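Observations on the three-dimensional arrangement
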Amino acid sequence: DTAVSQTPKYLVTQMGNDKSIKCEQNLGHDTMYWYKQDSKKFLKIMFSYNNKELIINETVPNRFSPKSPDKAHLNLHINSLELGDSAVYFCASSEGLAGGSEQYFGPGTRLTVT
Amino acid sequence: AQTVTQSQPEMSVQEAETVTLSCTYDTSESDYYLFWYKQPPSRQMILVIRQEAYKQQNATENRFSVNFQKAAKSFSLKISDSQLGDAAMYFCAYGGGTYKYIFGTGTRLKVLA
């Protein structure tokens, strides 16, 4: 059973397009996250949701809009894609909000913008 | 603001030998957690080990152990009896009261047969 799943795993698209990445967790966790990992492997949090409520928004361009229809899902929609958006995007979940909770990561979505 | 620094971009170790990966952090919080995550070529991030700052005892998970020096704000990972499957990127991470992790820049570990 996959704990945190993301679709698609690979996404190639052209500049200016709009795309979405879906994330689902079956762990019953309250908190979900989106991370961006750049080409140098630097991993940075983008958003955090707790019970469908936005908790953290790390100065991400407003072209990025997360949506949480329920606490098991956190999708990421990106408008007007730019070359600099090329990266691996990871979804993660944790049992609680506290910084001590283990985070369970999805397999990542490699986004390539041409 | 909290920061996490991994000063070794890359390390190599012979199979069956021991290697230590370094991590330092900065924080003004008294209660926090520290983690090591492994990212193999498959990209899947996996928790290796977790340390609670209020615990003086160093965490251990099989061949993986940490050397946690709270006063020095140091949190190194020791891998004993290294195996080929240990080859991966290793990320040190800080979790505190801000409900988010701060990750270091990672150390790529190569295991030589």
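Everything here concerns the structure above.
Values in this document were obtained by computation on a predicted structure and should not be read as measured data. (Residues numbered from 1 in each chain as written. Chains lettered and ligands numbered in written order. Predicted model: local features only at pLDDT ≥ 70, side-chain atom pairs only at ≥ 80, totals over all residues. Heavy atoms only, no water.)

Looking now at the pairing of strand β7 (residues 64-70) of chain A. All names here are of chain A. In this sheet, strand β8 (residues 73-78) lies alongside β7 in antiparallel orientation, the contact comprising five bridges. Bridging from a neighbouring strand, K67 pairs with N75 of β8. Here β7 folds back onto β8, and the loop between the two strands holds two residues. (Pairing = 2+ DSSP bridges. Helix = DSSP H or I, 4+ residues; strand = E, 2+ residues; numbered from the N terminus.)

Each partner contributes residues to the interface: chain A has 27 residues there, and chain B has 20 residues. Both faces considered, chain A and chain B share a buried interface measuring about 1,900 Å² in area, 56% of it formed by carbon and sulfur atoms. Per-residue buried area on chain A facing chain B is highest for K41, G99 and F105 of chain A; these three make up 25% of the total on that side. At the junction of chain A with chain B, the criterion picks out zero salt bridges. Seen at the junction of chain A and chain B, the total is nine residue pairs in polar contact (both at pLDDT 80 or more). Those elements that provide at least two residues to the side of chain A that touches chain B are β4 (31-37), β5 (43-50), β6 (53-57), β9 (87-94) and β11 (109-113) of chain A. For the side of chain A that touches chain B, the leading source of residues is β4 of chain A, giving three residues. (Contact = heavy atoms within 4.5 Å. Buried area = accessible area lost by both parts, 1.4 Å probe. Salt bridge = Lys/Arg side-chain N within 4 Å of Asp/Glu carboxyl O. Polar contact = N/O pair within 3.5 Å; in protein donor to acceptor, adjacent residues only side chain to side chain.)

Residues and elements named next belong to chain A. In terms of burial, β9 is largely enclosed, as eight of its eight residues are buried. Side chains of β9 alternate between two faces, with A87, Y89, C91 and S93 and V88, F90, A92 and S94 buried alike. Judged from the three bridges that link them, β9 and β11 form a sheet pairing that is antiparallel. The residue bridging A87 from the neighbouring strand is L111, located in β11. (Buried < 20%, exposed > 50% of the residue type's maximum accessible area, 1.4 Å probe, protein only.)

The subject of this paragraph is the packing of aromatic side chains. Applying the stated criterion to the full structure yields 18 aromatic pairs over all chains. Centroid distance Y32 of chain B to Y94 of chain B: 5.2 Å. Interplanar angle 25°. Geometry classified as stacked. Here Y32 of chain B, found in the loop between β4 (24-26) and β5 (33-39), pairs with Y94 of chain B, found in strand β10 (residues 88-95); they are 62 residues apart in sequence, far enough to count as distant. With a centroid separation of 6.1 Å and 40° between ring planes, the pair formed by F35 of chain B and Y37 of chain B is classed as tilted. Each member of the pair, F35 of chain B as well as Y37 of chain B, is classed as buried. An aromatic cluster is built from Y33, Y35, F90 and F105 of chain A together with F35, Y37, F91, Y101 and F103 of chain B, whose rings are joined through pairwise contacts. The aromatic ring of Y10 of chain A is capped on one face by R43 of chain B, whose charged end is 5.3 Å from the ring centroid. (Phe/Tyr/Trp six-rings, centres within 6.5 Å; stacked < 30°, edge-to-face > 60°. Lys NZ or Arg CZ within 6 Å of the ring centre and 35° of its normal.)

This part covers unusual backbone geometry. Residue and element names in this part refer to chain A. Cis geometry is adopted by the peptide bond preceding P8, which originates at T7 and carries an omega value of -5°. As for its placement among the helices and strands, P8 is situated in the loop between β1 (4-7) and β2 (10-13). Even without being glycine, K41 reaches a positive phi, approximately 75°. By the element assignment, K41 lies in the loop between β4 and β5. Unusually for a residue other than glycine, K52 sits at a positive phi of about 75°. Note on placement: K52 falls in the loop between β5 and β6.

For the rest of this paragraph, the subject is the state of the cysteines. This structure, assessed with the given rule, holds two disulfides over all chains. Between the sulfur of C23 of chain A and that of C91 of chain A lies a disulfide, 1.8 Å long from S to S. Between C23 of chain A and C91 of chain A the sulfur-sulfur dihedral comes to about -75°; the bridge is accordingly left-handed. Of this pair, C23 of chain A sits in strand β3 (residues 19-25) while C91 of chain A sits in strand β9, and the two are 68 residues apart along the sequence. In this structure C23 of chain A comes out as buried when scored by relative accessible area, which is 1%. Judged by relative accessible area, C91 of chain A falls into the buried class, the value being 0%. A disulfide bridge connects C23 of chain B with C92 of chain B, and the sulfur atoms are separated by 2.0 Å. What sets the handedness of the C23 of chain B and C92 of chain B disulfide is the S-S torsion sign, and at about -70° it is left-handed. In this pair, C23 of chain B sits in the loop between β3 (19-21) and β4 while C92 of chain B sits in strand β10, placing the two residues 69 residues apart along the sequence. Judged by relative accessible area, which is 1%, C23 of chain B ranks as buried. (Disulfide = S-S within 2.5 Å.)

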